Amino acid sequence: MQHILTKLPKFTGAILEGLVILFVISIPFRHFTGTLASLILLFWLIQLCMGQVKFVKSWLYLGVGLFFIVVLSSYFINITRFTDERIVGHILTPMLLLYVISSIKWSKASIKRIIYAFPIAMSLKLLQLFYLQLSATAIFTSKNRLTYIDNSNIYAQIITFSCITILALLLTKKQFWVRIGLAILLLINVAGLMFTFSRGQWIGFAIASIIVLVRCYGWNRKTLLVISGLGGIALLFLCFYPGLSERLFSIFSPQLTSNTHRIILWKSGIMMGLISPLWGVGVNMFPEYLPSLLPPATYFKIFFFHAHNIYIHTFAELGFIGLFSLLFMFAIILKHIYKFKAFNPLQYILLGGFASLLISGFFDFTLFYRSSMYILYLFLGLMVSLKESGG
């Protein structure tokens with residue numbers, strides 16, 4: 001009996017690691033994430049009872065917690081419509097995940113398994129989408145052509161994070177066959193990102209890749225060579241499928257509906273925030289106030305539940321206090337990532353992934369999508385754990 005009790009912490013720890021890996025795999029497939037998150041919490045509590053959990057102190061908790069408190073306070077200050085989607089799904093659950101993951105002592109081998117699980121799962125999902133999309137277009141149009149693999153900015157964001165993850169691993173691995181495998185995964189993921197037709201994510205990935213490369217190599221000939229190589233892959237896709245180049249250059253088109261609608265939404269969001277500059281109009285109230293702020297000619301043409309800009313949207317619903325707490329959270333996260341040097345692949349992944357979130361946030365609402373928050377906070381938790389253990 002005593003022998004079993006001594007082995008129990010390792011056994012439950014192995015189960016917990018397996019659940020985290022399954023959780024990471026489930027994110028691209030959009031299935032069972034809630035169930036797996038609950039199981040992770042359950043086994044974390046078991047680990048806690050056995051004294052295997054180490055409570056750590058980190059400014060990250062303050063940054064993330066402050067924003068959560070501001071969002072929660074908004075419900076009561078503005079007496080707005082209370083829905084649990086944003087507060088539980090998008091903020092509270094990822095915040096708990098950050099705390100749970102960071103309080104466990106992970107080995108480098110475990111972290112590598114968790115990190116590798118994400119891009120492999122993402123690549124398998126993309127291959128499935130490519131197959132289904134090609135089959136569908138072949139049946140209905142008799143043309144074997146790709147259009148949208150998944151017309152969703154949520155999907156585009158997690159593909160971008162996967163591309164950054166593979167790039168970071170590729171930069172830090174020296175084994176030839178491992179690099180070949182990672183290069184194939186990168187091609188699959190870059191193709192997936194291109195065929196989401198998400199221009200904001202394209203820009204986010206391009207800038208984030210440059211940031212990662214400069215952080216890894218500095219400004220030198222090698223960095224320029226790798227940037228040229230990645231740029232060449234992108235140009236290859238643009239030449240292979242003209243619709244991609246048309247989509248890219250449509251960023252500058254004043255006639256494109258999505259461009260004009262975004263500008264109108266941004267202006268309306270700023271005006272909404274000025275109604276109550278300190279606390280904003282309240283969480284989930286953007287769609288309620290939007291119709292009264294739209295120009296008459298666009299009243300029946302535009303309806304969105306967000307401002308297509310996380311900064312303007314936060315200002316509209318939470319005012320200057322909410323915007324400050326959001327920027328404070330960003331600053332704390334960036335500071336921790338930049339100073340973390342114990343395990344370079346993880347630093348590069350977080351630096352590039354978080355940069356892409358911040359950049360694409362100027363054009364969309366991706367930071368508050370559940371999938372991207374799960375990946376970001378889980379990897380941040382791994383970083384805090386490794387930093388505390390002296391990894």
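Before reading on, note that the structure itself is shown above.
Cut-offs and rules
- Residues numbered from 1 in each chain as written.
- Predicted model: local features only at pLDDT ≥ 70, side-chain atom pairs only at ≥ 80, totals over all residues.
- Heavy atoms only, no water.
- Helix = DSSP H or I, 4+ residues; strand = E, 2+ residues; numbered from the N terminus.
- Buried < 20%, exposed > 50% of the residue type's maximum accessible area, 1.4 Å probe, protein only.
- Contact = heavy atoms within 4.5 Å.
- Areas by Shrake-Rupley, 256 points an atom, 1.4 Å probe, with all protein chains shown as cover.
- Expected span 1.5 Å × (residues − 1).
- Phe/Tyr/Trp six-rings, centres within 6.5 Å; stacked < 30°, edge-to-face > 60°.
- Lys NZ or Arg CZ within 6 Å of the ring centre and 35° of its normal.

Draft legend 1. The arrangement of the overall build of the protein in detail. Helix and strand counts for the protein stand at 15 helices and zero strands. A total of 391 residues make up the protein; the buried ones form 53% of that total. When contacts within the protein are restricted to residue pairs at least 6 apart in sequence, those whose partners lie at least 24 apart make up 76%. Put simply, the protein shows about 18,400 Å² of open surface, and 71% of that area lies on carbon and sulfur atoms.

Draft legend 2. The arrangement of the environment of Ala-331 in detail. Following the sequence through the fold, Ala-331 ends up in helix H13 (residues 310–339). Among the residues examined, Ala-331 registers a relative accessible area of 44% and is labelled partly exposed.

Draft legend 3. Structural view of helix H8 (residues 199–217). For H8, which comprises 19 residues, the first-to-last C-alpha distance of 27 Å matches the rise-based estimate of 27 Å (1.5 Å per residue) to within 8%. Listed as buried for H8 are Arg-199, Gly-200, Gln-201, Trp-202, Gly-204, Phe-205, Ala-208, Ser-209, Val-212 and Leu-213. Two residues or fewer past H8, Gly-218 is found with a positive phi of approximately 80°.

Draft legend 4. Expanded view of the packing of aromatic side chains. This structure, assessed with the given rule, holds twelve aromatic pairs. An angle of 75° between the planes, with centres 5.6 Å apart, marks the rings of Phe-330 and Phe-354 as edge-to-face. Of the two residues, Phe-330 sits in helix H13 while Phe-354 sits in helix H14 (residues 344–360), which places them 24 residues apart along the sequence. Neither Phe-330 nor Phe-354 differs from the other in exposure class; each is buried. Taken together, the aromatic side chains of Tyr-311, Phe-330, Phe-354 and Phe-362 make up a single cluster linked through ring pairs. For the cation-ring pair, Arg-215 lies above Tyr-338, with the distance from its terminal atom to the ring centre recorded as 4.1 Å.

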